[in-house]
Number of protein chains: 2
Amino acid sequence: MPKKVDHQERRELIAAALMRVVADQGLEAVSLRQVAAEAGVTGGMVQHYFPNKDAMMDFAMAAASSRYEQRIGAATAELGEAPSPVQSAETILGCLLPADEQGRRDARVALAFMSYSAVRKSASESLAADNTGMQGVIADLLRSAQASGMAPEDRDPEAVGVALMALTDGLSIHIISAGLSHQTAAQILRSEVRRAFGEA
Amino acid sequence: MPKKVDHQERRELIAAALMRVVADQGLEAVSLRQVAAEAGVTGGMVQHYFPNKDAMMDFAMAAASSRYEQRIGAATAELGEAPSPVQSAETILGCLLPADEQGRRDARVALAFMSYSAVRKSASESLAADNTGMQGVIADLLRSAQASGMAPEDRDPEAVGVALMALTDGLSIHIISAGLSHQTAAQILRSEVRRAFGEA
């Protein structure tokens, strides 16, 4: 009986190869041939799973998102049973800043996707959905802090969600593309989150 | 007598073609052949002026920076003789947000360069210098507001410079890659600048 092919596993193998190529050489180095070579499979196999480059990028983007989600899940679990909203917001946003080589690789991939999304509508919609989700989480945390009297009422939670996500993305990008240190970025992010939640 | 070749003009023609390719199709579409076709010159001519892709990208990046500088110069000139530091900061940072189709094209090019810089050290150094310059301008404005008692003393001007530039870059990127409206981004930027200068 022939071995059953695990299609999801193969897709992930190819997406991981794509992400390595992007993290090491940038988006413009991505070609079917390059990804196939990196994954150690044939170009035909890459094409079998991903009919075109867009499909491959979309899948890799979803994989990268789920990696960030796992990191956030692990970090928030460590906060214990009843973290304050500002602690949760700090922890979640802090997970998005590249802290080590793996984080920098992930951030290079995320940046490449943002750049890719800027010229492709379908990718842009998926990125918008991801962003809106994260902004909503931060807005909800601020709302809950406001409801329990822990944060000032004069901040619009939606606007704060957009601002803190933009700040985090901007800091991440300056870390990987303009030599900002993770330490400085993390301090600034922490103090801006505390300020937004009325704790500065 | 043969017509004297204006080398700077040719370089700019080629850099403009490169930027059109990047703005329309993304960084990964850039090839010597594609840029030559877009500029209406031969591949040999592109190679004569730019020995490799890095050199072409560096030149185009400098051209894009000088475009932003011109835009900032024009907008600050309109502020009149003695704008307040917070007005200057608002105006300068506001110029970096893409407001129209040309602004979106420039922002797509800037984003592509950030992504490119994340995997190439030389580009990263040039981007770092640009960023440090802008952060310094904002820091100086805050310092001058603090010196004249217009802004609270408790904010670190350097940190505010880094934070506001990161916020601006993050908002710009969300406009072009994730469907954030310019209007929302501009409102958020304005209110964050005012807050940093103690006017909110």
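Residues numbered from 1 in each chain as written. Chains lettered and ligands numbered in written order. Predicted model: local features only at pLDDT ≥ 70, side-chain atom pairs only at ≥ 80, totals over all residues. Heavy atoms only, no water.

Asker: Got a sec to walk through the overall build of chain A? Specific residues and values, please.
Answerer: Along the backbone of chain A there are 9 helices and 0 strands. For chain A, the N- to C-terminal ordering of α and β elements is α-α-α-α-α-α-α-α-α. With respect to the three principal axes, the spread of C-alpha positions in chain A is 65 × 40 × 30 Å. Taking all 200 residues of chain A together, 50% fall into the buried category. Carbon and sulfur atoms provide 52% of the accessible area of chain A, an area that totals close to 9200 Å². Across chain A, the 19 positively charged side chains and the 25 negatively charged ones have centroids separated by 8 Å. (Helix = DSSP H or I, 4+ residues; strand = E, 2+ residues; numbered from the N terminus. Buried < 20%, exposed > 50% of the residue type's maximum accessible area, 1.4 Å probe, protein only. Areas by Shrake-Rupley, 256 points an atom, 1.4 Å probe, with all protein chains shown as cover. Lys, Arg positive; Asp, Glu negative; His and termini not counted. Charge placed at Lys NZ, Arg CZ, Asp CG, Glu CD.)

Asker: Report on the side chain of Glu90 of chain A, specifying residues and quantitative values.
Answerer: Residues and elements named next belong to chain A. Looking at the secondary structure, you find Glu90 in helix H5 (residues 85-94). Reaching out from Glu90, the side chain makes a polar contact with the side chain of Arg194 at a distance of 2.7 Å. If we ignore the near neighbours within four places in the chain, the residues touching Glu90 are Arg190, Val193 and Arg194. (Polar contact = N/O pair within 3.5 Å; in protein donor to acceptor, adjacent residues only side chain to side chain. Contact = heavy atoms within 4.5 Å.)

Asker: Provide a residue-level description of the pattern of salt bridges, including the pertinent values.
Answerer: Residue and element names in this part refer to chain B. Under the criterion given, the structure shown has 26 salt bridges over all chains. Note that Glu38 is salt-bridged to Arg20, the shortest N-O span being 2.6 Å. You can see Glu38 sitting in helix H2 (residues 32-39) and its partner Arg20 sitting in helix H1 (residues 7-25), a full 18 residues away along the chain. Assessed through its relative accessible area of 33%, Glu38 is described here as partly exposed. (Salt bridge = Lys/Arg side-chain N within 4 Å of Asp/Glu carboxyl O.)

Asker: Before we move on, could you go through the packing of helix H6 (residues 101-117) of chain A against helix H6 (residues 101-117) of chain B and cite the residues and values that matter?
Answerer: Viewed as axis vectors pointing N to C, H6 of chain A and H6 of chain B meet at an angle of 155°, and their least axial separation amounts to 9 Å. Between H6 of chain A and H6 of chain B, the angle falls in the class roughly antiparallel. For the pair H6 of chain A and H6 of chain B, the sense of crossing is left-handed. On H6 of chain B, the residues that touch Leu111, Ala112, Met114 and Ser115 of chain A of H6 of chain A are Leu111, Ala112, Met114 and Ser115 of chain B. Here the residues of the contact of H6 of chain A with H6 of chain B are counted per class, giving 6 nonpolar, 2 polar and no charged. (Axes fitted to C-alpha atoms, helices over the stretch in contact; angles between N-to-C directions. Parallel < 35°, antiparallel > 145°, perpendicular 65-115°, else oblique. Left-handed = near helix turned anticlockwise from the far one by under 90°. Nonpolar A, V, L, I, M, F, W, Y, C, P; charged D, E, K, R; others polar.)

Asker: Now, about the interface of chain A and chain B: what can you tell me, with residues and values included?
Answerer: By convention, interface size is frequently given as the accessible area that disappears when the constituent parts associate. If you look at the interface, chain A gives 42 residues, while chain B gives 43 residues. The junction of chain A with chain B conceals about 3200 Å² of combined surface from both sides, 61% of it contributed by carbon and sulfur atoms. At the boundary of chain A and chain B, one finds 2 salt bridges. Here Glu192 of chain A makes a salt bridge to Arg155 of chain B, at a shortest N to O gap of 2.8 Å. In this assembly, chain A and chain B are joined by 8 residue pairs in polar contact (both at pLDDT 80 or more). Secondary structure elements with two or more residues in the side of chain A that touches chain B: helix H1 (7-25), H6, helix H7 (121-147), helix H8 (157-178) and helix H9 (182-196) of chain A. For the side of chain A that touches chain B, the leading source of residues is H8 of chain A, giving 14 residues. Here the side of chain A that touches chain B is composed, by residue class, of 23 nonpolar, 10 polar and 9 charged. (Buried area = accessible area lost by both parts, 1.4 Å probe.)

Asker: Can you break down the relation of the copies chain A and chain B residue by residue, with the values?
Answerer: Rotating chain A by 180° and translating it 0.0 Å along the rotation axis places it on chain B, where the RMSD comes to 0.0 Å. The transformation just described matches what one would write down for a two-fold rotation axis. For chain A, the residue whose C-alpha comes nearest the rotation axis is Glu28 of chain A, separated from it by 1.7 Å. A high fraction, 100%, of the interface residues of chain A reappear at the interface in chain B, so the copies pair face to face through one surface. (Least-squares fit on C-alpha atoms with pLDDT ≥ 70 in both.)

Asker: Got a sec to walk through the nonpolar core? Specific residues and values, please.
Answerer: Across soluble globular proteins, you tend to see nonpolar side chains buried next to one another. Within the largest apolar cluster, 139 residues are counted, with the highest numbers of intra-cluster contacts made by Leu171 and Phe197 of chain A together with Leu171 and Phe197 of chain B. Viewed by domain, this core spans two of them, domain 1 (1-51) and domain 2 (61-196) of chain B, each represented by three or more residues. Not counting residues within four places of it along the chain, the set of residues in contact with Phe197 of chain A comprises Pro85, Val86, Ala89, Ile138, Leu141, Leu142, Ala145, Met150, Ala151 and Pro152 of chain A. (Core = buried A, V, L, I, M, F, W, Y, C linked by side-chain atoms within 4.5 Å. Domains from an automatic or database assignment.)

Asker: Go over helix H7 (residues 121-147) of chain B with me, naming the residues and quoting the values.
Answerer: With 27 residues, H7 of chain B ought to run about 39 Å at 1.5 Å a step, and its terminal C-alpha atoms sit 38 Å apart, in line with that. Once H7 of chain B finishes, Gly149 of chain B follows within two positions and takes phi at roughly 70°, a positive value. (Expected span 1.5 Å × (residues − 1).)

Asker: Lay out the packing of aromatic side chains with the relevant residues and their values.
Answerer: All names here are of chain A. A complete count under the given rule lists 2 aromatic pairs over all chains for this structure. A centroid spacing of 5.5 Å and a plane angle of 55° characterise the contact between Phe50 and Phe59, whose relative ring orientation is tilted. Against the face of Tyr116 rests Arg120, its NZ or CZ located 4.1 Å from the ring centre. (Phe/Tyr/Trp six-rings, centres within 6.5 Å; stacked < 30°, edge-to-face > 60°. Lys NZ or Arg CZ within 6 Å of the ring centre and 35° of its normal.)

Asker: Run through the packing of helix H5 (residues 85-95) of chain B against helix H9 (residues 182-196) of chain B, naming residues and quoting values.
Answerer: Residues and elements named next belong to chain B. Axis separation between H5 and H9 bottoms out at 10 Å; the angle between their running directions is 145°. The chirality of how H5 crosses H9 is right-handed. Here H5 contributes Val86, Ala89, Glu90, Leu93 and Gly94 to the contact with H9, which in turn contributes Leu189, Arg190, Val193 and Arg194. In terms of residue class, the contact of H5 with H9 is made up of 5 nonpolar, 1 polar and 3 charged.

Asker: Give a description of the UniProt feature "DNA-binding region" (unreviewed entry) in chain A that names residues and reports values.
Answerer: Residues annotated in UniProt with the feature "DNA-binding region" (unreviewed entry) correspond here to residues 31-50 of chain A. Structurally, residues 31-50 of chain A is divided into 75% helix and 0% strand, and its ends, taken at the C-alpha atoms, are 12 Å apart. (UniProt positions renumbered as here; feature names shortened; annotations may be inferred.)

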